[in-house]
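# Report on the structure
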Amino acid sequence: MPAKCVVFSGIRKHDGHAFRNLLPGEYTQMAGRAGRRGLDTTGTVIILGGDELPSVSAPLRSIRAKLMMIRRKILQT
């Protein structure tokens, strides 16, 4: 369901066996719900990570690149 804003309470999830960081594809799928096509020019994603946010690394750059692609697609419509 599309929403104007998506809020993550953290970047870790339980996969049925243990806790792990979200994969880039999982993050992209959930964050991609921010911004209602045809109603919003942009969507907002908020991460309430506290102390658990990792330093900027290649996976986070990959997520950012995918989000920029999603943003471009929203703006094109």
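Residues numbered from 1 in each chain as written. Predicted model: local features only at pLDDT ≥ 70, side-chain atom pairs only at ≥ 80, totals over all residues. Heavy atoms only, no water.

Along the backbone of the chain there are two helices and four strands. Starting at the N terminus and ending at the C terminus, the chain contains elements arranged as β-β-β-α-β-α. The proportion of buried residues among the 77 residues of the chain is 19%. When contacts within the chain are restricted to residue pairs at least 6 apart in sequence, long-range pairs at least 24 apart make up 66% of them. (Helix = DSSP H or I, 4+ residues; strand = E, 2+ residues; numbered from the N terminus. Buried < 20%, exposed > 50% of the residue type's maximum accessible area, 1.4 Å probe, protein only. Contact = heavy atoms within 4.5 Å.)

Another aspect to go through is the packing of aromatic side chains. In the structure shown here, the tally under the stated rule is one aromatic pair. Judged by centre distance (5.0 Å) and plane angle (20°), the ring pair of phenylalanine 8 and tyrosine 27 falls under stacked. With phenylalanine 8 in strand 1 (residues 5-8) and tyrosine 27 in helix 1 (residues 24-31), this pair connects stretches of sequence that are 19 residues apart. Exposure remark for phenylalanine 8: the relative accessible area of 7% places this residue in the buried category. (Phe/Tyr/Trp six-rings, centres within 6.5 Å; stacked < 30°, edge-to-face > 60°.)

Our focus in this paragraph is the nonpolar core. Counting residues in hydrophobic clusters, the biggest one holds seven residues: Val6, Phe8, Leu22, Tyr27, Ala31, Ala34 and Ile63. Going through the elements one at a time, strand 1 and helix 1 are the ones with two or more residues in this core. Contact partners of valine 6, with chain neighbours within four places excluded, come to Met30, Ala31, Arg33, Ala34, Thr44, Val45 and Ile46. (Core = buried A, V, L, I, M, F, W, Y, C linked by side-chain atoms within 4.5 Å.)

Relative accessible area serves as the criterion here: at 9%, tyrosine 27 is assigned to the buried category. Residues within four places of tyrosine 27 in sequence aside, it is in contact with Phe8, Leu22, Gly32, Val45, Ile47, Ile63 and Leu67.

Now for the pattern of salt bridges. Per the counting criterion, the structure on display carries three salt bridges. A salt bridge links glutamate 26 to arginine 20, with the nearest nitrogen and oxygen atoms 2.8 Å apart. Relative accessible area serves as the criterion here: at 22%, arginine 20 is assigned to the partly exposed category. Within this structure, Lys13, Asp15, Arg20 and Glu26 form a network of salt bridges that share partners. (Salt bridge = Lys/Arg side-chain N within 4 Å of Asp/Glu carboxyl O.)

Bringing the side chain of glutamate 26 into the picture now. Position of glutamate 26 relative to the elements: it lies in helix 1. On the basis of relative accessible area, glutamate 26 is assigned to the buried category, the value being 18%. For glutamate 26, the side chain forms a polar contact with the side chain of lysine 13, separated by 3.4 Å. Polar side-chain contacts of glutamate 26 include one of 2.9 Å to the backbone nitrogen of leucine 23. Residues within four places of glutamate 26 in sequence aside, it is in contact with Lys13 and Arg20. (Polar contact = N/O pair within 3.5 Å; in protein donor to acceptor, adjacent residues only side chain to side chain.)

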